[in-house]
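Each chain is listed here by its residues.
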Amino acid sequence: MKLREHRGRKVLAGVGIFVVVAVLAFFGIQFFTKTGIFRIPGVVYYDESLSETELEQLHGIFTEEVDLDKDVYISATNYFEKPSVTSGEFLVKVSVPVTDFYSLDTSIVASEPDLLFADAYQSDVAFTMIDINDLNFSRRLLAINDHYYLDEFDKGAVFRVLKFESEKYDEEIAPLIGDSFVQVFPEKESVLTFAQTGVTALSRGMNRKLYSVGDANYFAEGIGPFLSGFDLTHTSNESSFTDYATSDNICSDPRFMDTLKAIGLDIVELTGNHNVDCGATSALETIDTYTENGILMVGGGKNADEAAKPLQLDKKGSDITFLAYNLSTGGATHGSGPGANQYYEENAIAEINAAKQRGDFVIVDIQYYECNAYASTYEDPICDYPQNVPGDEIGFFRHLIDLGADMVVGTSAHQPQTFELYGDGVIYYGLGNLFFDQSWWPGTTRSLVLAHYFYKDKLLQTKIVPTVYDGALQTKLMDEETKKWFLSRLISARP
């Protein structure tokens, strides 16, 4: 009996020891692995680099109910160059500098990206940093250290990256934040670039020059590489191709098609008053030539119905309706013959309304009356002013904005005219001569190229790029010093 009791006690003692060891092991493992009752929950550490807006968003995700196993460190960094993000990193904001629409400034200088947001930062240029998604044509985009964002996309802005660091990012953090910090920004693949130019009249003295040089590419050597770099390039060509072109008529030697190809022409406007100067046959054959070369047409055609068709553009996710009219400068077609699209108020109202209902951006080009102050060999700024032409140019152009147009452009002016913001739109009263032989008057040797940048049907920006030619009749980009002087003169002439 005593032996059985002794054995029983030994069994109980063994069981007790096993239980104690098991309990100690159980809690020991929890203690050393920080699990169970000894588990320490993960902590969210917010770096001081985070903005109040970012903190508010993060606090909405990492609430008290969120139970993390591992700590997470969250920080933000600004860069001058677009970084390649890795797991746990998100490009959350692209900020760009803007200034007044009428400013002549083009770039700001900074050594560190954070300086551009500092209240105490001193700059010779007045600017404000805004989100790229808030950019629109009413404010002038500036380059940063000579890098223009809409041309480069990986520079010319401040790129803000949000970073999450955790041992269990994939398991814990990624499912928690989901797509909260995934952003889409304008890129080269999604931004439509569109160069709009003024008068082209490859004729008269240019015919004579072509006979001398023998190559029509000669005239575009200085401007072709620039204009052909746009997704779309436009010009208003006022002369038709014909074998009867001379140094005395506004008709083009057929070889001038090479000039248009050299600038990468995609859209030709036919609102000019000289396209039928060399006869209906030449005008009709010229239209066929454009079609054969894949060049779109607006503001003119083989007959009145064709000439009146709006040009609808759908490229890179942007929808643009391009309307072009001839107003009282001659050359319009009123029936079955070729010519320009005559302006009729009821047509303009209907076409603008239809485009706006589609949600398109609406550009209206107008072949208006001309300023005839050409006969001077000195600088005469009278044509800078839109009121120095027959009729009420200011009132008429503004009226088109009131009708719903987003942009109105004058394409008859042989000299560049002023420009202005008006209502919800913008007006460029005259673009001047891109190609012509009028080299003896300073005003007619210049033009304005409107470099448009569209993103998702929105005009982000128009960069004004002046050009000039001389007696050699080779158009080129204006140098920076002359550009500032000339744009300042035009700006001072605005209504």
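Our subject is the structure that appears above.
Residues numbered from 1 in each chain as written. Predicted model: local features only at pLDDT ≥ 70, side-chain atom pairs only at ≥ 80, totals over all residues. Heavy atoms only, no water.

1. A word on the sheet that holds strand S21 (residues 425–428)
Part 1 of the argument: Taken together, the six strands give an open sheet; going across it, the order is S14-S15-S18-S19-S21-S20, and neighbouring strands pair in mixed fashion. Each of the sheet's edge strands pairs with one partner strand only, and the pair in question is strand S14 (311–315) and strand S20 (419–422). Going across the sheet, the axis of each strand differs from the next one's by a mean of 15°, ignoring polarity.
Part 2 of the argument: Bridge count for S20 against S21 is four bridges, and the pairing is antiparallel. Paired with Tyr 422 across the strands is Gly 425, a residue of S21.
Part 3 of the argument: Helix H10 (residues 345–358) contacts S14, strand S15 (318–326) and strand S18 (361–367) of the sheet and is inclined by roughly 175° relative to S15. (Pairing = 2+ DSSP bridges. Helix = DSSP H or I, 4+ residues; strand = E, 2+ residues; numbered from the N terminus. Axes fitted to C-alpha atoms, helices over the stretch in contact; angles between N-to-C directions. Contact = heavy atoms within 4.5 Å.)

2. Considering the nonpolar core
Part 1 of the argument: Counting 53 residues, the largest nonpolar core has Tyr 149, Leu 150 and Phe 435 as the members making the most contacts within it.
Part 2 of the argument: Apart from the residues lying within four places of it in its own chain, the contact partners of Leu 150 are Leu 135, Leu 141, Tyr 453, Leu 460 and Gln 461.
Part 3 of the argument: Formed by 32 residues, the second largest nonpolar core is a distinct cluster that contains Phe 194, Val 298, Val 426 and Tyr 428. (Core = buried A, V, L, I, M, F, W, Y, C linked by side-chain atoms within 4.5 Å. Buried < 20%, exposed > 50% of the residue type's maximum accessible area, 1.4 Å probe, protein only.)

3. What about the layout of surface pockets?
Part 1 of the argument: Taken as a whole, the largest pocket holds about 560 Å³ of empty space.
Part 2 of the argument: Taken together, 27 residues form the lining of the largest pocket, with Thr 106, Lys 463, Ile 464, Glu 480 and Lys 483 sitting closest to its centre.
Part 3 of the argument: Going through the elements one at a time, strand S6 (139–141), strand S24 (458–468) and helix H12 (480–492) are the ones with two or more residues in the lining of the largest pocket.
Part 4 of the argument: Here the lining of the largest pocket takes six residues from S24, the largest share from any one element.
Part 5 of the argument: Each residue belonging to the lining of the largest pocket can be placed in one class, and the counts come to 15 nonpolar, five polar and seven charged. (1 Å grid on protein atoms, 1.4 Å probe; cavity = no way out; pocket = protein on both sides within 12 Å on 5 of 7 lines; lining within 4 Å. Points joined across faces, edges and corners; volume = space filled by probe spheres on them. Nonpolar A, V, L, I, M, F, W, Y, C, P; charged D, E, K, R; others polar.)

4. Quick notes on the sheet that holds strand S17 (residues 339–341)
Part 1 of the argument: Spatial ordering of the open sheet is given by S13-S17-S16, a layout of three strands whose pairing is mixed. Strands at the two margins of the open sheet, each flanked by one partner only, are strand S13 (300–301) and strand S16 (332–333).
Part 2 of the argument: By the bridge criterion, two bridges tie S16 to S17 in an arrangement that is parallel. Pairing of Ala 332 across the sheet is with Ala 340, part of S17.

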